[in-house]
Amino acid sequence: MDQSSESGSGGRGATSAPSAVELSRDGVTLAQVVAVARSGVNVYLGVRARTAMQASASLVDGFVAGDAPVYGVNTGFGSLADRAIPAHRSAELQVALVRSHATGMGDPVEVEVVRAMLLLRARSLAMAFSGVRPELVDRQTALLNAGLTPVVYEHGSLGASGDLAPLSHCALTLIGEGEVWTRDGERQPTARALADAGLQPVVLRAKEGLALINGTDGILGMLCLALNDLDALLRISDVTAAMTVEGLLGTDRAFAADLQALRPQVGQAVSARNLTRLLADSAIVASHRDGDTRVQDAYSLRCTPQVHGAALDTIAHARTIAERELLAAIDNPMILPDGRVESCGNFHGAPLAMVCDFLAIAASEVSAIAERRTDRMLDVARSFGLPAFLSPDPGVNSGMMIAHYTQVAMALENQRLAVPASVQSMPTSAMQEDHVSNGWAAARKLRRSVDNLRRVLAVELVCAGAALDLRGPLPPAPATSAAVHALRTRVAGPNTDRWLSPDLRAAEHLLADGIVLDAVESAIGPLEVL
C-alpha cells in the first residue's frame, strides 16, 4: 500500500534540505520538520541535550523511590490519577498506558505526517523537561533514519491531552509492538521490522510511556507541512490570477503601488507587487490599455490582491504560532531542573487548532476567487471574445465546461472544510478532561483543504493557459508565458475535446512538483511571500 501523501510542496526543493538535523534543547525549525518528514533527512540527539536528559531522568528515579504522589509516575492517569501505583509496578504502568491508549481507527495516516509527529515528539523530549532517558530519543531517531514509520490511524485524537492515540501507536513501535511501514512501503509487524534493521525494543521506565504520548506533535506536524505547501500555493495563485487577467483582457492598473498604499495591509501589497511583476511587458495587457470602454474589472480580478493578501497575512500569523510551538516543551507533568514536578496544560492543542482552522478559511477563500475567475473565462457573455468554454469549436465540443464543475465541487468542499473544528469540544475521561481542542480534526481537514486548493488552481491554470493561447498572436507577459510553456510540457492547448481528467491531474502534479513556479521565477526572479 502506498502511504505517500497527496500533499506536495508546490515548490519542494526551493530550499535545500539540511544534511542532518540535531535535536537540541533549542527545538527545531519548520524547514527541518519538512526535510525529515518528506526528504528522509537523518536525525540525531545532540550532546548537550543528552546530558540534560540524563539529569532529568535521574530525578524521576528519586520520585519512584519516594512517597509523594507524582502524576503518571506513581499514580494512574486521567480520572485515575488518585490511584497509587507501587514502585515495583511503575514500568508495567507505562507499558499498559501505551497499549491501552493505542486505540486508533479508520484509514492509516500519511507517512510524512507520522514522520513529522515522531520527530516532534523526540524534539520535545530532547528539551529535558520530561524525565526520560536519552535512549528513548535514540530509538525514535533510529526509526526515522531506518525509514521505519509507525502505522497510525486517522481517528483517536481530540487534541487534549495532546495527540494521545496517534502518539501511542508511535510509542508501540518503540516497545516492539504494533506495525510499521518500511522504507519500501511494505506494512510489517514491528518486531520483525526492528529485527531486520538490527534494532532492539526499548524497555520503558517510570514516566516514559506518558512522556511518549502527551504532546501536540501530530497537529504541529500537519500544520508545518501545510504552511510549507501554502507558501508555494499562494505564489502560484498569483501566477494563475495574472494569467486569467490577461486572458480576460483585464487591467493591471488596479494593482498599482500607490493605490495599494492607500490601504496599508501587508499581504495585499505583496500580492499586488507580484501581480504587477507577473503582468509586466504583456502585449495582451498593452493591447487594450487605450480605448477600452470598460471602466473597471469584476471583483474576482480587481480584488485579487485583497483576497490573496488576506491569506498571506493569515499564513504569517499561523507561522508565528507554529514557530513558537517548535520551541516548546510539551508534556504533563513537567520535570523542572530544580526538582519540582508540576502539572500543567501545555499539551492542550488550542493555539494550533485555531490557526489550522484559520488557514482552512484562507484556503477556501483563495479557492473561491480562483473559481470565480475561471468561470468568467468560460462564459462567452463575459469573456470578451473568447469562445464558449474555451473550445475552438463549441457545440459539438464542450471544452472546459465540466472541468469547471470539478473545480466548483472542490471549492465547495473547501467551504465546508472552512467550518471551524476548534469550536467543538466534548468532555472525556470521566469529566477530568472536560475541554478538548479538537486540533487533530482541524489539522486533518486543513490537509484536505490544501490539496483541494492545489487542484482548484490547477484547473484555473489549464483554463487560463487555453485563454492565452486563444489570444494569439499577441504574446503574454514573459512570466505568464513561462507558466504556459511549463504547462505545455504535459498538457496540450485548446483543440477538439479529449479525455480531460489526465490533463487536470497532470497540471496538479506540475504545481505540486514546483515546475510551473520554478519556470516563472526563473523568468522574473522569486515572487514575494510573507
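Preceding this paragraph is the structure being described.
Predicted model only: the values in this text are computed from it and were never measured. (Residues numbered from 1 in each chain as written. Predicted model: local features only at pLDDT ≥ 70, side-chain atom pairs only at ≥ 80, totals over all residues. Heavy atoms only, no water.)

### Looking at the overall build of the chain
Line of reasoning, step 1. Scanning the chain for helices and strands turns up 20 helices and 9 strands.
Line of reasoning, step 2. Over its C-alpha trace the chain gives a radius of gyration of 26 Å, about what one expects of a compact globule, namely 24 Å for 530 residues.
Line of reasoning, step 3. Looking at the chain residue by residue over its 530 residues, the buried ones come to 57%.
Line of reasoning, step 4. Considering only intrachain contacts with a sequence separation of at least 6, the fraction spanning at least 24 residues in the chain is 80%.
Line of reasoning, step 5. Surface summary for the chain: the accessible area is close to 20,800 Å², and the carbon and sulfur share equals 56%.
Line of reasoning, step 6. Side-chain charges of the chain comprise 45 positive and 57 negative groups, with the mean position of each set lying 0 Å from the other. (Helix = DSSP H or I, 4+ residues; strand = E, 2+ residues; numbered from the N terminus. Rg over C-alpha atoms; globule rule 2.2 N^0.38 Å. Buried < 20%, exposed > 50% of the residue type's maximum accessible area, 1.4 Å probe, protein only. Contact = heavy atoms within 4.5 Å. Areas by Shrake-Rupley, 256 points an atom, 1.4 Å probe, with all protein chains shown as cover. Lys, Arg positive; Asp, Glu negative; His and termini not counted. Charge placed at Lys NZ, Arg CZ, Asp CG, Glu CD.)

### Side note on the side chain of Thr304
Line of reasoning, step 1. Tracing the backbone through its elements, the reader meets Thr304 in helix H14 (residues 304-325).
Line of reasoning, step 2. What makes Thr304 buried here is its relative accessible area of 1%.

### Looking at the packing of aromatic side chains
Line of reasoning, step 1. Tallied over the full model, the rule gives 0 aromatic pairs.
Line of reasoning, step 2. Sitting over the face of the ring of Phe129, Arg25 holds its NZ or CZ atom 5.3 Å from the ring centroid.
Line of reasoning, step 3. Just above the ring of Phe384 sits the side chain of Arg294; from NZ or CZ to the centre is 4.1 Å. (Phe/Tyr/Trp six-rings, centres within 6.5 Å; stacked < 30°, edge-to-face > 60°. Lys NZ or Arg CZ within 6 Å of the ring centre and 35° of its normal.)

### So, the sheet that holds strand S4 (residues 149-150)
Line of reasoning, step 1. Taken in spatial order, the 3 strands make up an open sheet running S4-S6-S7, and their pairing is antiparallel. At either margin of the open sheet sits one strand with a lone partner, and together these are S4 and strand S7 (187-189).
Line of reasoning, step 2. Alignment of S4 against strand S6 (residues 179-181), held across 2 bridges, turns out to be antiparallel. Across the sheet, the residue bridging to Thr149 is Trp181, located in S6. (Pairing = 2+ DSSP bridges.)

### Focus: helix H5 (residues 134-146)
Line of reasoning, step 1. When the terminal C-alpha atoms of H5 are compared, their 18 Å separation across 13 residues agrees well with the 18 Å that a helix rising 1.5 Å per residue should span.
Line of reasoning, step 2. For H5, every residue scored as buried is listed here: Pro134, Leu136, Val137, Arg139, Gln140, Thr141, Ala142, Leu143 and Leu144.
Line of reasoning, step 3. Within two residues after H5, Gly147 carries a phi angle of roughly 75 degrees, on the positive side. (Expected span 1.5 Å × (residues − 1).)

### Things to note about the pattern of salt bridges
Line of reasoning, step 1. Counted under the stated rule, the structure contains 34 salt bridges.
Line of reasoning, step 2. Here Glu112 makes a salt bridge to Arg447, at a shortest N to O gap of 3.1 Å. One end of the pair, Glu112, is in helix H4 (residues 111-125); the other, Arg447, is in helix H17 (residues 439-470), and 335 residues separate them in sequence.
Line of reasoning, step 3. Lys207 serves as the salt-bridge partner of Asp331, at 2.8 Å between the closest nitrogen and oxygen. Taken together, the residues span a long stretch of sequence, with Asp331 in the loop between H14 and strand S8 (334-335) and Lys207 in the loop between helix H7 (190-196) and helix H8 (208-213) at a distance of 124 residues. There is no split in this pair, since Asp331 and Lys207 are both buried.
Line of reasoning, step 4. Three or more residues joined by partner-sharing salt bridges are found here, namely Arg38, Glu110, Glu112, Glu154, Asp229, Arg444, Arg447, Asp451 and Arg454. (Salt bridge = Lys/Arg side-chain N within 4 Å of Asp/Glu carboxyl O.)

### As for the packing of helix H18 (residues 478-488) against helix H20 (residues 515-524)
Line of reasoning, step 1. Two numbers describe how H18 lies on H20: the axes approach to 8 Å, and their chain directions differ by 150 degrees. H18 and H20 meet at a crossing whose hand is right-handed. The residues of H20 that touch H18, namely those facing Pro478, Ala479, Ala482, Ala483 and Ala486, are Ile515, Val516, Ala519, Val520, Ala523 and Ile524.
Line of reasoning, step 2. Of the residues assigned to the contact of H18 with H20, the class counts are 11 nonpolar, no polar and no charged. (Axes fitted to C-alpha atoms, helices over the stretch in contact; angles between N-to-C directions. Left-handed = near helix turned anticlockwise from the far one by under 90°. Nonpolar A, V, L, I, M, F, W, Y, C, P; charged D, E, K, R; others polar.)

### Quick word on the packing of helix H9 (residues 217-247) against H20
Line of reasoning, step 1. Axis separation between H9 and H20 bottoms out at 10 Å; the angle between their running directions is 65 degrees. Between H9 and H20, the crossing angle belongs to the class labelled roughly perpendicular. For the crossing formed where H9 meets H20, the hand is left-handed. Judged by residue contacts, Ala232, Arg235, Ile236 and Val239 of H9 engage Leu517, Val520 and Glu521 from H20.
Line of reasoning, step 2. Of the residues that constitute the contact of H9 with H20, the class distribution is 5 nonpolar, no polar and 2 charged. (Parallel < 35°, antiparallel > 145°, perpendicular 65-115°, else oblique.)

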